[in-house]
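So you can see what is in the structure, the chains are spelled out below.
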Amino acid sequence: MEILQKEHDLPLPPADKVLFRKQVQRELDDIRQEAENAYALDNEIDPIPDSAYDDASVLLEFLCNYKIPTPT
């Protein structure tokens, strides 16, 4: 079975961190949906645990809320 992989190219982060956070969250939601669709088609693969998405969201909040500069 050939695995199709979508590249998730995020644009350069905007100066507005709120907009950047929304863009990244949208990408994470897309990835989650793709993973769920893949699991529905082939139950022999392991599903991605919800904790992985929760951890990614916590990291995103951390990066946006603690004045860590966005990369240029």
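Residues numbered from 1 in each chain as written. Predicted model: local features only at pLDDT ≥ 70, side-chain atom pairs only at ≥ 80, totals over all residues. Heavy atoms only, no water.

1. A word on a nonpolar patch on the surface
Move 1: Together, L59, F62, L63 and Y66 make up an exposed nonpolar region whose accessible area comes to about 420 Å².
Move 2: With respect to the secondary-structure elements, Y66 resides in the segment after α2 (50-65). (Patch = residues over 30% accessible without salt bridge, like charges linked within 9 Å, V, L, I, M, F, W, Y side chains within 5 Å. Areas by Shrake-Rupley, 256 points an atom, 1.4 Å probe, with all protein chains shown as cover. Salt bridge = Lys/Arg side-chain N within 4 Å of Asp/Glu carboxyl O. Helix = DSSP H or I, 4+ residues; strand = E, 2+ residues; numbered from the N terminus.)

2. Considering α2
Move 1: Between its first and last C-alpha atoms α2 spans 22 Å; for 16 residues at 1.5 Å apiece the expected length is 22 Å, and the two agree.
Move 2: Within α2, burial applies to Y53, L60 and C64. Buried residues of α2, viewed axially, fall in a sector of 25 degrees; they line one side. Looking at α2, the residues exposed on the side facing more than 90 degrees away from the buried face are D55 and V58.
Move 3: Contacts from the buried residues of α2 go to α1 (17-41). (Expected span 1.5 Å × (residues − 1). Buried < 20%, exposed > 50% of the residue type's maximum accessible area, 1.4 Å probe, protein only. Arc of directions from axis to C-beta. Contact = heavy atoms within 4.5 Å.)

Geometry only, nothing functional implied.
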